[in-house]
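Observations on the model geometry
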Amino acid sequence: MYESGSPEAEMLGEKHVRTLLEGALHACKDADQAEVLLSTSDEALTRFANNTIHQNVVERNSMLRVRAVIDKRIGVATANSLEARAVRDAGEAACTIARFSEENADFQSLPAPAGPMQPMNAAFSEETAATSPEQRAMAVQTVIRRAEAGKLVAAGAYGTSCEEIAVANSLGVFAYQPLTAAEIATVVMGETSSGYGDRAATNASDIDFDALAEEACGRAARSASPRELEPGDYEVVLEPYAVAEMLEYLAYIGFGAMALQEGRSFMAERMGQKVTGEAITITDDGLDPACFPLPFDFEGVARRQVPLIENGIATAVVYDSYTAARQGVPNTGHALLAPNPMGPLPGHLHLMPGDKSLEELVGSLERGLWISRFHYVNVLRPLETILTGMTRDGVWLVEKGQVKHAVKNLRFTQSVLEALDTVQGIGREPKLERSGFGGCLVPALKLGRFAFTGKTDF
Amino acid sequence: MDHIADRALNQAQVAGATYADVRVVNQQAEVIAIKDGKVEAFARSSNEGFGVRVIADGAWGFASSNQLTAVEADRVAALAVSVARASARTKRSDIRLAEAQPVKASYATPIRTNPLEDVSVEQKLELLLACDAAMRRVKGLTVAESSLEAAVEDKLFASTEGSRIEQRIVTCGGGIEATAVTPDEVQTRSYPNSFGRQAATAGWEFIESLQLAENAERVASEAVELLSAKQCPSTVTTLILDGTQLALQVHESCGHAIELDRVFGMEAAYAGTSFLTTDKLGRFRYGSDLVNIFADATVPGGLGTFGYDDEGVPAQRTGIVRDGIFVGYMSSRETAPLIGQTSSGTMRADGWNRIPLIRMTNVNLEPGTWVLDDLIADTDDGILMAVNKSWSIDDKRLNFQFGTELAWEIRNGKRGALLKNATYTGITPQFWASCDAICNRDHWQLWGTTNCGKGQPSQTMYVGHGVAPARFRDVRVGVA
């Protein structure tokens with residue numbers, strides 16, 4: 001298992017990784033506690049624009065991160081060489097930093113082992129690991145040819161990656177997982193319009209490149225000759241691309257324990273209260289085989305499924321060992337890379353699907369906007385969950401369930417929770433979006449009110 | 001480094017590359033962060049590797065590795081060529097590079113004190129803990145954060161055209177952040193700049209010049225004061241921007257818009273294209289007559305200052321906007337010939353494992369003639385905004401919206417009440433056309449932006465912006 005015989009990916013294997021981590025822990029023998037995180041990766045990305053491949057890159061790298069604890073003083077050292085001397089140097093550097101550092105009284109302990117952890121087969125694909133530059137180029141050619149046939153211009157990127165992630169600590173934790181991912185996104189442009197599509201999968205052979213090309217080109221054709229529309233409040237249907245981006249910002253500002261403990265999260269004052277419409281249930285699930293699973297966090301703690309919002313009620317946030325100990329609650333296994341003053345965050349958001357097709361959602365708009373995706377979103381006021389951003393790559397005005405015409409892009413300035421409070425329909429087909437080391441699985445949404453505050457020239 | 005470079009270049013040519021360059025890079029970095037009296041982060045990192053960029057069959061290929069061995073140099077160079085051959089499946093024409101003279105040279109950031117080797121850990125912690133204590137003395141403060149960051153990067157560039165350039169780039173940055181929280185409000189104040197720190201290509205002397213501890217109590221008091229400040233009104237008014245906010249305005253609405261690869265659609269699928277299309281060069285009115293902008297990789301201390309770019313082209317100062325007219329781009333050896341020019345030397349990679357892209361160097365707004373107090377006194381009714389808090393701009397760099405940490409009413413030429421949650425929005429050329437005053441060189445300062453993102457795989461670049469406060473008329477403020 002997990003032996004990539006192709007020249008595209010060089011894997012160390014669990015046995016070799018364990019030996020490397022033990023060597024690094026040995027270099028920290030003077031520390032009270034120590035932790036080693038290892039990642040190795042072979043990553044490739046074929047980028048295209050103007051219907052041609054213009055950038056095409058391949059990278060082999062590794063990262064060894066050592067965290068040493070001496071009298072509640074913590075030091076971290078990172079190296080990207082796995083040679084014995086570099087590993088030893090990283091361990092010794094972490095200990096030296098810890099000795100010179102100041103005590104963190106809130107630190108309790110690195111996590112203790114909670115039983116053996118088996119790698120998940122669903123997280124790895126031989127096909128993805130073995131993807132060659134030629135195969136990536138042929139996939140991109142599928143999109144380019146469809147664009148050319150429609151007298152359109154395609155841009156985008158197709159990336160494949162093969163990684164190994166492992167964590168060990170001096171208390172006996174050991175966790176190892178090989179991972180693969182394939183992800184392609186394209187923006188297809190016409191004279192006056194553009195259309196977007198993306199696909200992501202653990203196994204590259206699960207991606208239907210023809211369907212992706214058809215989706216993006218179709219959207220570009222339908223969004224031609226957009227007309228200006230006055231900003232204001234509109235009901236909207238957000239396609240999963242837009243929903244995923246909105247939810248990821250909500251998670252960033254609200255679903256982590258550090259933000260909760262510092263009062264920066266909207267959850268701090270509203271836990272147990274209704275924060276969205278009843279139809280909204282948001283969960284973090286790092287074990288779902290369909291959503292780039294990673295069974296443990298970056299401290300080697302098993303991930304738990306965490307209901308964040310259940311039927312509109314604020315239910316829970318995610319924890320790592322530090323924030324869990326500080327609050328005296330169970331660790332949910334959501335640590336990010338140390339050192340991390342931001343605290344834990346969810347990495348596998350799921351929005352529970354409903355029972356409507358996209359056509360039914362759009363068809364139910366009285367007078368509203370059908371939005372493909374958002375662009376350059378940013379947080380204005382975290383407690384009120386107010387974001388701003390632009391629409392992009394396809395917006396249409398819909399009246400009495402009929403698409404009237406494409407619309408020039410608009411700026412929105414909107415509270416996410418207030419928008420979700422007006423939910424009127426949820427799509428039945430969740431879409432997988434790649435997000436950081438994990439993913440996001442979300443359907444389309446129909447929302448009763450969304451505030452657009454500005455417009456642009458295209 | 002030389003051995004790996006030579007081996008990779010030879011192997012790339014043997015494998016069929018008609019052009020190849022190699023960068024061998026070693027970066028040592030350190031970050032220290034204190035939060036509420038506790039050391040939240042104290043980390044050192046060592047990162048080294050090499051990347052080989054080739055043209056074969058008329059197309060680009062790139063491969064990189066962290067393993068600095070001769071065997072790996074052979075594998076990576078051959079792989080780069082096979083990647084280029086895969087690229088050639090879709091090529092429309094052969095890649096052609098602008099002429100560039102082979103360079104044999106070296107460059108090092110001028111510094112007085114090496115921040116990694118010549119400053120003790122105790123000294124760094126003492127500074128940050130002093131900042132932390134001063135902030136936490138302020139009643140009502142919820143979170144106090146302070147941080148330092150430093151890096152030393154040694155890199156060798158060599159090409160099959162005969163260039164061989166060694167550079168040492170030293171960067172240093174620091175900052176403090178104070179956050180006050182009530183059940184329905186979060187307000188943060190930062191110093192000298194938001195999102196972590198102010199930074200420069202400089203040694204430890206730069207950190208000492210920031211006077212972080214001296215400003216800590218004031219910044220924390222402002223965070224608490226903001227909780228009870230008035231909301232920024234929703235209106236159309238005169239706007240004065242301080243240097244930190246104006247730096248980001250230049251960054252988003254000018255800096256990214258003048259990247260020639262973006263103009264040619266090479267970033268279309270990611271952050272988008274640019275409204276500054278090539279038909280506008282030399283004739284489009286970008287701003288008022290007062291607006292003069294240069295891209296300058298030679299200005300001392302700028303976070304985008306270097307000796308040679310990552311294609312081996314010397315650092316330059318290029319006119320971008322002259323008397324309000326758009327006159328220049330930032331370009332590369334591949335893109336410059338497409339508009340009949342040579343490279344302006346702005347190709348930069350954020351590591352050995354990334355290809356160079358056209359990146360901002362220091363995109364600077366030339367100073368005007370005003371003293372800030374006189375400018376405020378000359379403003380009957382308006383708002384002064386300072387220190388960026390949020391930013392967003394459309395995918396052609398036209399419609400923007402920014403938020404700032406601080407704002408004050410201006411009434412009858414006097415700075416009045418503090419305002420919170422200030423935002424402003426506009427369309428790029430209309431906004432710059434409304435600029436009717438820029439402060440003088442005494443107010444001009446270089447600001448470092450440490451989180452400039454571009455490219456796939458993503459690259460984060462350090463860039464600089466020299467600006468002095470400026471005034472804009474009829475701006476829509478208070479959007480949210």
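Section: the domain arrangement of chain A
Residue and element names in this part refer to chain A. For chain A, the assigned domains are domain 1 (14–141 + 152–186) and domain 2 (226–458). Computed from C-alpha atoms alone, the centre-to-centre distance between domain 1 and domain 2 is 28 Å. Across the boundary between the two partners, domain 1 contributes 25 residues, which contact 20 residues of domain 2. When contributions to the side of domain 1 that touches domain 2 are tallied by element, the ones reaching two or more residues are strand 1 (33–49), strand 2 (52–70), strand 4 (153–169) and strand 5 (174–189). Top element by residues in the side of domain 1 that touches domain 2 is strand 5. It accounts for 6 residues. Grouping the constituent residues of the side of domain 1 that touches domain 2 by class yields 17 nonpolar, 3 polar and 5 charged.

Let's talk about the sheet that holds strand 11 (residues 348–351) of chain A
All names here are of chain A. An order of 10-9-8-11-18-17 is seen for the 6 strands of this open sheet, with the pairing classed as mixed. Each end of this open sheet is capped by a strand with a single partner; those strands are strand 10 (313–314) and strand 17 (431–435). Set on the sheet, helix 6 (residues 240–254) makes contact with strand 8 (282–284), strand 11, strand 17 and strand 18 (438–442); between it and strand 18 the angle comes to about 120°.

So, the environment of A:Gln414
Residues and elements named next belong to chain A. If you trace the backbone, glutamine 414 turns up in strand 15 (residues 410–415). Through-space distance from the C-alpha of glutamine 414 to that of glutamine 305 is 29 Å; in sequence the pair is 109 residues apart. Those residues in contact with glutamine 414 that sit more than four places away from it in its chain are Ile386, Leu387, Ala419, Phe450 and Ala451.

Here we look at the packing of helix 3 (residues 121–136) of chain B against helix 5 (residues 212–227) of chain B
All names here are of chain B. Relative to each other, helix 3 and helix 5 sit at 25°, their axes nearing to 8 Å. Between helix 3 and helix 5, the angle falls in the class roughly parallel. Crossing handedness for the pair helix 3 and helix 5: right-handed. Here Leu127, Ala130, Cys131, Ala134 and Met135 of helix 3 lie close against helix 5, whose contacting residues are Leu212, Ala213, Ala216, Glu217, Val219 and Ala220. Considering only residue class, the contact of helix 3 with helix 5 consists of 10 nonpolar, no polar and 1 charged.

Points about helix 6 of chain A
An α-helix turns once per 3.6 residues; consequently, residues spaced three or four apart project the same way. Residue and element names in this part refer to chain A. Between its first and last C-alpha, helix 6 extends 20 Å over 15 residues, near the 21 Å set by a 1.5 Å rise per residue. With 12 of its 15 residues buried, helix 6 lies for the most part within the structure. Looking only at helix 6, the buried set comprises Pro240, Tyr241, Ala242, Val243, Ala244, Glu245, Met246, Leu247, Leu250, Ala251, Ile253 and Gly254.

What counts, and at which threshold
- Every chain's residues receive numbers from 1 upward, in the order its sequence appears when written.
- Whichever chain is written first becomes A and whichever ligand is written first becomes 1, with later ones labelled in order.
- Reporting in this predicted model follows two pLDDT cut-offs: at least 70 for local features of residues, and 80 or more for side-chain atom pairs to be given and counted; totals over whole chains, interfaces and linings ignore these cut-offs and use all residues.
- What counts as a domain boundary in this text is fixed by an automatic or database domain assignment.
- Each residue gets a C-beta atom placed from its backbone, and two residues are in contact if those atoms lie within 7 Å.
- A run of H or I in DSSP counts as a helix once it spans at least four residues, and a run of E counts as a strand once it spans at least two, with each numbered from the N terminus.
- Here the nonpolar group is Ala, Val, Leu, Ile, Met, Phe, Trp, Tyr, Cys and Pro; Asp, Glu, Lys and Arg are the charged ones; every other residue, Gly included, is treated as polar.
- Whether two strands pair comes down to DSSP finding at least two bridges between them.
- Note on geometry: axes are C-alpha line fits, over the in-contact stretch for helices, and angles between N-to-C directions span 0 to 180 degrees.
- Orientation is classified from the angle alone, with under 35 degrees giving roughly parallel, over 145 giving roughly antiparallel, 65 to 115 giving roughly perpendicular, and any other angle giving oblique.
- Crossing handedness is defined as follows: a turn of the near helix away from the far one that is anticlockwise and smaller than a right angle gives a left-handed crossing, while the clockwise case is right-handed.
- The span you would expect from a helix comes to 1.5 Å times its residue count less one.
- With C-beta atoms placed from the backbone, the exposure class of a residue follows from how many other C-beta atoms lie within 10 Å of its own: 20 or more, buried; 12 or fewer, exposed; in between, partly exposed.

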